[in-house]
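What the coordinates show
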Amino acid sequence: MSTIKACIFDLDGVIVDTAVYHYKAWKRLANELGFDFTEEDNEKLKGVSRTRSLELILQWGDVSKTDAEKEALATRKNNWYVEMISHMTPEEVLPGAREFLESCINAGIKTALGSASKNSVTILEKTAIAHFFNVVIDGNKVSKPKPDPEVFLKGAQALNVAPAVCVVFEDAIAGVQAALAGGMKVVGIGSPQVLAGAHLVLSGLDKMSLEKLNNL
Ligand code: BG6
Ligand code: MG
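Residues numbered from 1 in each chain as written. Chains lettered and ligands numbered in written order. Predicted model: local features only at pLDDT ≥ 70, side-chain atom pairs only at ≥ 80, totals over all residues. Heavy atoms only, no water.

**Here we look at the coordination of the magnesium ion (ligand 2)**
Within the protein, the magnesium ion (ligand 2) binds to Asp 10 (OD), Asp 12 (O) and Asp 171 (OD); these donor distances fall in the range 2.0 to 2.1 Å. In terms of primary sequence, the donors binding the magnesium ion (ligand 2) are separated according to D-x1-D-x158-D. In this pair, the class of Asp 10 matches that of Asp 12, namely buried. (Donors = N, O, S within 2.8 Å, 3.2 Å for Na, K, Ca; no water. Buried < 20%, exposed > 50% of the residue type's maximum accessible area, 1.4 Å probe, protein only.)

**Section: the side chain of Asn 119**
Secondary-structure assignment places Asn 119 in the loop between strand E2 (110–114) and helix H6 (120–126). The exposure class of Asn 119 is buried, given its relative accessible area of 10%. At a separation of 3.0 Å, a polar atom in the side chain of Asn 119 contacts the side chain of Asn 78. (Helix = DSSP H or I, 4+ residues; strand = E, 2+ residues; numbered from the N terminus. Polar contact = N/O pair within 3.5 Å; in protein donor to acceptor, adjacent residues only side chain to side chain.)

**Overview of the nonpolar core**
Counting 46 residues, the largest nonpolar core has Phe 9, Ile 15, Phe 100, Phe 133, Phe 169, Leu 205 and Leu 213 as the members making the most contacts within it. When contributions to this core are tallied by element, the ones reaching two or more residues are strand E1 (6–9), helix H1 (19–32), helix H3 (50–60), helix H4 (67–85), helix H5 (97–106), H6, strand E4 (166–170) and strand E5 (185–189). Here this core gets six residues from one element, more than from any other, and that element is H1. Here this core spans two domains, since at least three of its residues come from each of domain 1 (6–17 + 92–214) and domain 2 (19–85). Not counting residues within four places of it along the chain, the set of residues in contact with Ile 15 comprises Phe 9, Asp 10, Glu 92, Val 93, Leu 94, Ala 97, Leu 101, Ile 129, Phe 133 and Leu 205. Formed by 20 residues, the second largest nonpolar core is a distinct cluster that contains Ile 137, Val 142, Ala 156 and Cys 166. (Core = buried A, V, L, I, M, F, W, Y, C linked by side-chain atoms within 4.5 Å. Domains from an automatic or database assignment. Contact = heavy atoms within 4.5 Å.)

**Observations concerning the packing of aromatic side chains**
Considering all chains together, one arrives at six aromatic pairs under this definition. Ring geometry for Phe 9 versus Phe 133: centroids 6.2 Å apart, planes at 75 degrees, classification edge-to-face. Of the two residues, Phe 9 sits in strand E1 while Phe 133 sits in the loop between H6 and strand E3 (135–137), which places them 124 residues apart along the sequence. Comparing Phe 9 with Phe 133, the two get one shared label, buried. Their ring planes at 10 degrees and their centres at 4.9 Å tell us that Phe 9 and Phe 169 sit as a pair that is stacked. Taken together, the positions of Phe 9 in strand E1 and Phe 169 in strand E4 put the pair 160 residues apart, joining distant regions of the chain. Assessed through its relative accessible area of 0%, Phe 169 is described here as buried. One aromatic cluster is present, formed by Phe 9, Phe 100, Phe 133 and Phe 169 through successive ring pairs. (Phe/Tyr/Trp six-rings, centres within 6.5 Å; stacked < 30°, edge-to-face > 60°.)

Purely geometric numbers; function is a separate question.
Following this line, the structure appears as structure tokens:
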């Protein structure tokens, strides 16, 4: 029997590939401002809040803006992003995500979403996966962004389980750090070089199983 009682999933880059849409929208904004940033830089934006992402991008382009201008730029990026996610379909759920969520539910393991995004509800609805989550904690419910553990601790609390029996699934360095800071186990989704510190790193949820969960 597993001692793991709950799985908490990041959304962007773990359940759906919206990381690509975020990248496209930020890149378009940077290009409009007259500069570009690399895919390597983009790693630093994963899991990071919208406001903090903009701060980093402006820093990379050596561009300074007033608070009002920053708000307008973040809204501009979000409008492009919202337009892109409005066309999402259930086919965009990443391989193995639905199956692993189902096996957790069948095994009596509770599930939560733990995302920095303020657009998570739209994505869950468009891809028809909202019913897989007992609890949704997202950017509308937290005040301290990852790597602070708040989002995952609130998830564990809402599920009524101790952090030590939770496993977090994350594609972002900031998210791996947040899970560790919260005293949870963490499975990295992506590259082992990028996600150092995770208890296990897999290329996707299609490589995950209840057996691996029990062996963490
Ligand atoms: C995270 C993404 O899930 O959500 C980040 O990894 C993104 O790239 C953040 O900036 C906030 O998302 P949103 O949808 O509220 O702009
Ligand atoms: Mg992510």
